[in-house]
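Observations on the three-dimensional arrangement
Below, each chain spelled out in residue letters.
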Amino acid sequence: MVNNMKPDNLFSHIPSTIEEELFEDIQKGQNVRVERIISDGHSTPVGEWYDQHEHEWVSVLRGEGIIEYVDGTQCVLKVGDYVNIPARTKHRVYSTSNTEKTIWLAVFYT
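Residues numbered from 1 in each chain as written. Predicted model: local features only at pLDDT ≥ 70, side-chain atom pairs only at ≥ 80, totals over all residues. Heavy atoms only, no water.

Ordered by their spatial adjacency, 5 strands build an open sheet running 1-2-8-3-6, and the pairing between neighbours is antiparallel. For this open sheet the edge positions go to strand 1 (22-28) and strand 6 (82-85), each flanked by a neighbour on one side alone. Taking the axes of each pair of neighbouring strands and ignoring which way they run, one obtains an average angle of 20 degrees across the sheet. As judged from the 7 bridges shared by strand 3 (residues 55-62) and strand 8 (residues 102-109), these two strands associate in the antiparallel manner. Residue pairing across strands places Val58 opposite Ala106, the latter belonging to strand 8. (Pairing = 2+ DSSP bridges. Helix = DSSP H or I, 4+ residues; strand = E, 2+ residues; numbered from the N terminus. Axes fitted to C-alpha atoms, helices over the stretch in contact; angles between N-to-C directions.)

In this section: the sheet that holds strand 7 (residues 91-96). The 3 strands are arranged 5-4-7 in an open sheet whose pairing can be described as antiparallel. Two strands bound the open sheet, and with one partner strand each, they are strand 5 (74-78) and strand 7. Across the sheet, the axes of successive neighbouring strands diverge by a mean angle of 25 degrees, strand direction being ignored. Of the pairings in the sheet, the one linking strand 4 (residues 64-69) to strand 7 comprises 5 bridges and is antiparallel in character.

Looking at soluble globular proteins, one finds that nonpolar side chains tend to be buried together. Grouped together as the largest cluster of nonpolar side chains are 13 residues, with contacts concentrated most on Val58, Ile67, Leu77, Val83 and Trp104. Every element with two or more residues in this core is listed here: strand 3, strand 4, strand 5, strand 6 and strand 8. If you tally residues by element for this core, the top one is strand 8, at 3 residues. Apart from the residues lying within four places of it in its own chain, the contact partners of Val58 are Ile67, Leu77, Asp81, Tyr82, Val83, Ile85, Trp104, Leu105 and Ala106. (Core = buried A, V, L, I, M, F, W, Y, C linked by side-chain atoms within 4.5 Å. Buried < 20%, exposed > 50% of the residue type's maximum accessible area, 1.4 Å probe, protein only. Contact = heavy atoms within 4.5 Å.)

Set out below in structure tokens:
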């Protein structure tokens with residue numbers, strides 16, 4: 001039996017306060033990375049864009065967030081919603097809930 005096969009929970013180990021968005025790798029492989037992101041009213045600074053070499057599938061597990069693309073289009077994500085962002089698509093987090101922490105699950109893949 002492998003020791004790292006113990007269960008964990010996506011809603012555990014959440015700090016009561018966070019100054020900056022919290023990015024935590026849950027699992028990594030050669031062509032895939034699974035990440036938990038915790039936001040607390042955070043947004044990407046105006047004028048800054050994510051421009052990743054990987055595709056990103058992202059879902060909101062708790063709270064809500066708005067993703068904005070460089071052309072001004074916005075995508076509102078509420079609990080259970082997800083979107084696939086193709087590699088090299090410039091985007092940013094426009095806003096996240098300021099009444100509860102937003103928990104995202106992101107899968108990056110090539």
